[in-house]
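Here is what each chain is made of, one letter per residue.
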2 protein chains.
Amino acid sequence: MAEFKVRFDSHPEPIAVPAGTLLVEAARLAGIEIQQPCGGQGRCGRCAVRVESGPVRRRSVLRLSKADIEAGYALACQTVVEGDAAIVVPPPEAIQRRLTTDQMAPEAAIPEGYAASDAQPVRRIALRLTAPSMGDQTDDWARLCTAFRRETGIERLDATLNQIRELGALLRSCDWHVALTFDTSPAEGARLIRLQPADRAAEAPLCGIAIDIGTTTVTVWLVDLLTGRVIRQASEYNQQIARGEDVISRIIYASKGDGANELRALVVGTINGLIEALCKRTRTAADDIVKATVTGNTTMMHLLLGIPAESIRLEPFVTAINHVPRLSASDVGIAIHPSGIVDALPGVASYVGADITAGVLASELRSSESLTLFIDVGTNGEIVLGSSEWLVTCACSAGPAFEGAGVVHGMRADKGAIEEVWIDGRSYEPTYRVIGNVAARGICGSGLISLVAEMFLTGLLDKGGHIDQTLGTSRVREGPRGVEYVVAWAAGTERGEDIAITRVDVDNLLRAKAAIYAGFNVLADSVGVPLETVEQVLIGGSFGKYINVEKAVQIGLLPDMPWEHFHFLGNTSVRGAYLALIDRAAREQVETIASAMTYIELSADNSFYEAFTSALFLPHTDLSRFPSVEAAMV
Amino acid sequence: MAEFKVRFDSHPEPIAVPAGTLLVEAARLAGIEIQQPCGGQGRCGRCAVRVESGPVRRRSVLRLSKADIEAGYALACQTVVEGDAAIVVPPPEAIQRRLTTDQMAPEAAIPEGYAASDAQPVRRIALRLTAPSMGDQTDDWARLCTAFRRETGIERLDATLNQIRELGALLRSCDWHVALTFDTSPAEGARLIRLQPADRAAEAPLCGIAIDIGTTTVTVWLVDLLTGRVIRQASEYNQQIARGEDVISRIIYASKGDGANELRALVVGTINGLIEALCKRTRTAADDIVKATVTGNTTMMHLLLGIPAESIRLEPFVTAINHVPRLSASDVGIAIHPSGIVDALPGVASYVGADITAGVLASELRSSESLTLFIDVGTNGEIVLGSSEWLVTCACSAGPAFEGAGVVHGMRADKGAIEEVWIDGRSYEPTYRVIGNVAARGICGSGLISLVAEMFLTGLLDKGGHIDQTLGTSRVREGPRGVEYVVAWAAGTERGEDIAITRVDVDNLLRAKAAIYAGFNVLADSVGVPLETVEQVLIGGSFGKYINVEKAVQIGLLPDMPWEHFHFLGNTSVRGAYLALIDRAAREQVETIASAMTYIELSADNSFYEAFTSALFLPHTDLSRFPSVEAAMV
């Protein structure tokens, strides 16, 4: 097969590749990492490069304008080499890393009335064994088990071969006075985690971690298991982001070549980096962390554990496993004590994962007498409706519009993002607030919600989401992607380009909000209660931190009800993991929640499509559902 | 530090080593393997080399005669280099390998009335799962577990993370019609071994192996788990032999440097070589072997599992573990199906291991109403006295004299070994039988027993084991090692050297037999029954295959009782493993046997020393204990 030379601007030597090689592959050979948030499907356009010379074939130009192509742009994930070529890689948008370690969020409070001595399933006990003698030649392991049984009343203690290998030397090194750390679970009994000399253990910390693996952000809480106190917390973007921004892209990436191992290494690397940072800042030894309770959506859990996730994506959307048995840290690769327990919380379905069961736990929905709606809007929207007696749940494929993807000037809620917009009803001139008070770089989810709400209330948008071109403002214009409304003129932006929202962007946002609102409807219908009877709305997830409820109601994303019915709970997923880590009753309750939840598959539900279609309007086809919005429009 | 050059006759280049290097280490650097059966303690003399030139320092010359030293001999394990030297390594005695695979021993018979369908703890069941659909999105693992529970009534099935990883692809590859192989144990529940497409499994074999790890010989039986039939068996010297002939030497070897890993690799290599040979000969796929039941003495079990064995050797002689939990083949390194179960049978004490509990099981001692003595004489002598109601046991440090070690012309029961001797009472001329009908090379254990018995009955030996030098035969002479009796003149031997037994050899044999006989006494005394009331003697171990009971009684090794009381059971250890492999009731019985056995530590028992001293005579101080011998002497 013919071989061609590809030269990259940032690399001194041309790379020899066979005909038909993708530009991303050639770049990788040159050691150049091109980001592929969509997983190499040609959907996101983030891997665009400029072909300076040489014949290439573009398999797909979906995300490129005619002008782009004329300027030589090509999607590296979709373009194959057909001769010697010279390529310019534009500087990638570096993902800004945020570490939120220094402030203690209110969700990290110890539950009222909590007593670790009763509730903590991990225990460390000191055992003073009788030393063996010619009159008592009991083997080391039986000697330990007998003392353990006497002290705890627990019949059986499980240990690994490696732990048995280390037993004899340890017992003798501490003169048979040993501290034994073990975990208990109702399903699986007691499991040995660690043996230490008792005198050293007496002063040593006993820690655990709660891990929430978000598609975008990974959060770790370091917890003192002796008191239940959160010592410190840290968050970091999930390093998998560079291989796909949403779960579907990641699943596709994982299914190709060594993708699954790569994604696994990336998330394990993220987690271990956070653990290392937490240990360093708190002077904790990683070996003193003996348990990790993990939550995350179903795809994140599968990818972490190296379990193929492909079936999650394909009809009938089935997971490999929802209830994972207890694993050891060395099996999973998490850098705590190697025999530490990894307890993956149970999920319910492909798109309602452990993050939601943990979230429901943290929300205390189950101890509420009122009819409650629990929402976690992230890359997907998961919704739970229920009370102490029953729970129904569904997942809305809202898409990542609220995270800024699928919107031309969309971005994550980072520095430079427009996070709130106000529009003057006569001049149609906007004012806005930018995160970090810098020049604007794009619009994040909360900014988009408030922008659409303002445009609707000022008449810039009609019920159907069409931009009114007859209002005589220069902010509405025909742009390269159709009609658009300019939020920020080039002079006030970081890149010196106008920031605008297009008709297509509005459509994407309407579809996302309609999917979520339709989910509310289907859940309520499925149990035969009117949506209006919901007494409280609990909002979890990072999205809930930034959202403006009034605006969200105005676009028809959230149901119209008095403000005091809404509660923002922050990261309920990590708090659920924390509660399951520190409290055996809470751990059992997650299990009950997972089993009790009735999952409704929206894609198999005709009523969902009806509800979705009705919700594609601003705020809704049936305006009577949104009395406060109707009032504001008058 | 000074560096010296050591030249070996078989190696082209001199080796540079620092001063103080042991000759064995220098040899190893030259790629020359010098056998050290005693583990490098200078006890066996097998590593003797000849120093042609150069200064060396001999730390120990225990096993060298004055003549040897004058001829330049040195023990490579005890001699350090102190200048440039030239060394001649005598050709090592190659260990002859025997493979006993072609004849089916009687002990391999299926127990009467055995029905695998009831008794076999491993099961393979076919499950036809309902394929998932939009109406049934149960996860793969729960789907499998539910079908499993319905079919078997067993609540919980344990699986490893790796098995869960492979689950989804497998279920889909066989259209949800799957064969599930699992093991059950009362203590640990059901454990998943293997999933296969059901159609392929229907025809596939389902095999297990019983493994007996002897200090000298490893035996493996390949068993059809569907019927309980022994398909084939194979034995091979334990490759650890080159690192020490007895358990003590091996423990010492294991405690130095990387010795434990080396010994582990050697025995795993031996086992895997046997499995490979069995698979090849029977056209069995290793993956179709799903369980290994393992027995062996306590040291062998520890070394196999990589558990430090040092405490076995040191007072108070305690093991790390007697009851090992079920392990997986990949953990242990045994080359069957990687998720296959490794079931190590329980031992009782440092010197009464799983080989003895398995032996007692195989001997059916527990179902006997009679007072029974069970003996397994190998490198050590383990004895069990009991009946269906109680069991006492002890281990006699008989040493390896009966395996030919510690005796100048001693050797194992290999080709060239004198295995039986008869002496003419008037001429004192011997006749003998040699294994393989070849020129004699040495004397094996059974040969030594018959030789000593004949010498005693003909008056060549007195009660105290002294050789009578007054009988006027040229066969009795003063040799380089003291008084000796020549069994074979040089002309009739393989090496052209006289084969003789010395006074020291006789002493070693007397000590070995006295230790065992004293063990009988202590056991009988400990439960207050006279030894004479024993109704049957069951002899296990390979030693039992060759022993001549009459001769063994004559030297006072076995108690004097009618011949019909003796039963030879062959390798009871491997048969016990086989029974535990095929029958869950037998497996539970081994557990009961291990728990029921009262272990008596002889080294802490004063009555043992008295009994031992009394038994150091031929046949015994108290001749009335040996009426048949008394009669033969008249």
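Residues numbered from 1 in each chain as written. Chains lettered and ligands numbered in written order. Predicted model: local features only at pLDDT ≥ 70, side-chain atom pairs only at ≥ 80, totals over all residues. Heavy atoms only, no water.

Asks: How should I be thinking about the overall build of chain A in this particular structure?
Replies: On a plain count of helices and strands, chain A comes out with 20 helices and 29 strands. For 634 residues, the compact-globule estimate of 2.2 N^0.38 gives 26 Å, and the C-alpha radius of gyration of chain A, at 27 Å, lies within 12% of that figure. Across its three principal directions, the C-alpha atoms of chain A cover 100 × 70 × 45 Å. Put simply, of all contacts in chain A between residues at least 6 apart along the chain, 67% involve residues at least 24 apart. Here chain A has roughly 25000 Å² of accessible surface; of this, 50% comes from carbon and sulfur atoms. If the 57 positive side-chain charges of chain A are averaged to one point and the 77 negative ones to another, these points end up 5 Å apart. (Helix = DSSP H or I, 4+ residues; strand = E, 2+ residues; numbered from the N terminus. Rg over C-alpha atoms; globule rule 2.2 N^0.38 Å. Contact = heavy atoms within 4.5 Å. Areas by Shrake-Rupley, 256 points an atom, 1.4 Å probe, with all protein chains shown as cover. Lys, Arg positive; Asp, Glu negative; His and termini not counted. Charge placed at Lys NZ, Arg CZ, Asp CG, Glu CD.)

Asks: Sorry if this is basic, but what is going on with the pattern of salt bridges here?
Replies: Any two side chains of opposite charge can pair, given that their charged atoms come close. On inspection of all chains with the given rule, the structure shows 48 salt bridges over all chains. Linking B:Glu82 and B:Arg57 is a salt bridge whose minimum nitrogen-to-oxygen distance equals 2.9 Å. Of the two residues, B:Glu82 is situated in the loop between strand E6 (79-81) and strand E7 (85-88) and B:Arg57 in strand E4 (residues 56-58); the sequence distance between them amounts to 25 residues. Overlapping salt bridges, with partners in common, bring together A:Asp183, A:Glu188, A:Arg191, A:Lys291 and A:Arg326 in one network. (Salt bridge = Lys/Arg side-chain N within 4 Å of Asp/Glu carboxyl O.)

Asks: Can you walk me through the relation of the copies chain B and chain A in this structure?
Replies: The operation relating the two chain copies consists of a rotation about an axis and a shift along that axis. Rotating chain B by 180° and moving it 0.0 Å along the rotation axis overlays it on chain A with an RMSD of 0.3 Å. Given the turn and translation reported, the copies of this chain are related as if by a two-fold rotation axis. Ranked by how close their C-alpha atoms come to the rotation axis, the residues of chain B are headed by B:Glu188, at 5.1 Å. Interface overlap between copies: 100% of the residues of chain B at the interface are likewise at the interface in chain A, consistent with a symmetric, same-surface contact. (Least-squares fit on C-alpha atoms with pLDDT ≥ 70 in both.)

Asks: Can you help me understand the interface of chain B and chain A in this one?
Replies: How large an interface is tends to be reported as the accessible area lost when its parts come together. Contact residues are listed per partner, giving 39 residues for chain B and 39 residues for chain A. With both chains or domains summed, chain B and chain A bury close to 3100 Å², and 61% of this area falls on carbon and sulfur atoms. It is B:Met134, B:Gln137 and B:Arg165 in chain B that bury the most area against chain A; as a group they hold 22% of the surface buried on that side. For the pair chain B and chain A, the number of links is 16 residue pairs in polar contact (both at pLDDT 80 or more). (Buried area = accessible area lost by both parts, 1.4 Å probe. Polar contact = N/O pair within 3.5 Å; in protein donor to acceptor, adjacent residues only side chain to side chain.)

Asks: Would you mind going over the sheet that holds strand E23 (residues 442-443) of chain B with me for this structure?
Replies: One key point about sheets: their strands pair by backbone hydrogen bonds, in either a parallel or an antiparallel sense. Residue and element names in this part refer to chain B. Across the sheet, which stays open at both edges, the 3 strands sit in the order E22-E21-E23 with mixed pairing between neighbours. The sheet is open, and its two edges are formed by strand E22 (430-434) and E23, each paired on a single side. The pairing of strand E21 (residues 417-423) with E22 spans 5 bridges and is classified as antiparallel. Paired with Trp 422 across the strands is Thr 431, a residue of E22. Those strands touched by helix H13 (residues 445-457) are E21 and E23, and its axis lies near 15° from that of E21. (Pairing = 2+ DSSP bridges. Axes fitted to C-alpha atoms, helices over the stretch in contact; angles between N-to-C directions.)

Asks: Mind showing me how you'd approach the pairing of strand E10 (residues 177-185) of chain A here?
Replies: Residues and elements named next belong to chain A. With 8 of 9 residues buried, E10 is to be regarded as a mostly interior element. Relative to E10, strand E8 (residues 122-128) is paired through 7 bridges, and the arrangement is antiparallel. The partner of Arg 128 across the bridge, within E10, is His 177. Bridge analysis of E10 against strand E11 (residues 189-197) gives 8 bridges, and the strand direction is antiparallel. If you follow Ala 179 over to E11, its bridge partner there is Gln 196. (Buried < 20%, exposed > 50% of the residue type's maximum accessible area, 1.4 Å probe, protein only.)

Asks: Which parts of the structure should I look at to understand the packing of aromatic side chains?
Replies: The relative placement of two aromatic rings is captured by the distance of their centres and the angle of their planes. Evaluation of the coordinates by the stated rule reveals 14 aromatic pairs over all chains. Grouping aromatic residues by their ring pairs yields a cluster made of A:Tyr517, A:Phe520 and A:Phe626. The ring of B:Trp176 carries the charged tip of B:Arg143 above its face, separated from the ring centre by 5.9 Å. Of note, B:Arg412 hangs over the ring of B:Tyr237, and the distance from its end group to the ring centre comes to 5.1 Å. (Phe/Tyr/Trp six-rings, centres within 6.5 Å; stacked < 30°, edge-to-face > 60°. Lys NZ or Arg CZ within 6 Å of the ring centre and 35° of its normal.)

Asks: Looking at this structure, how should I read the packing of helix H12 (residues 354-363) of chain A against helix H18 (residues 584-596) of chain A?
Replies: A pair of packed helices is captured by two measures, namely the crossing angle of their axes and the spacing between those axes. All names here are of chain A. With their axes 9 Å apart at the nearest point, H12 and H18 run at an angle of 120° to one another. The orientation of H12 with respect to H18, classified from their angle, is oblique. Seen along the crossing, H12 lies across H18 with a hand that is right-handed. Listed contacts from H18 to Thr 357, Ala 358, Val 360 and Leu 361 of H12 are Ala 586, Gln 589, Val 590, Ile 593 and Ala 594. Of the residues assigned to the contact of H12 with H18, the class counts are 7 nonpolar, 2 polar and no charged. (Parallel < 35°, antiparallel > 145°, perpendicular 65-115°, else oblique. Left-handed = near helix turned anticlockwise from the far one by under 90°. Nonpolar A, V, L, I, M, F, W, Y, C, P; charged D, E, K, R; others polar.)

Asks: Is there a simple way to explain the sheet that holds strand E26 (residues 499-502) of chain B in this structure?
Replies: All names here are of chain B. Strand order in the open sheet formed by 3 strands is E24-E25-E26, with antiparallel pairing between adjacent strands. Looking at strand neighbours, the two that pair on one side only are strand E24 (476-479) and E26, the edges of this open sheet. Across the sheet, the mean angle from the axis of one strand to that of its neighbour is 45°, orientation sign disregarded. Across 4 bridges, strand E25 (residues 482-488) lies against E26 in antiparallel orientation. Among the inter-strand pairings, Ala 488 is bridged to a residue of E26, identified as Ile 499.

Honestly, it's all geometry; don't read function into it.
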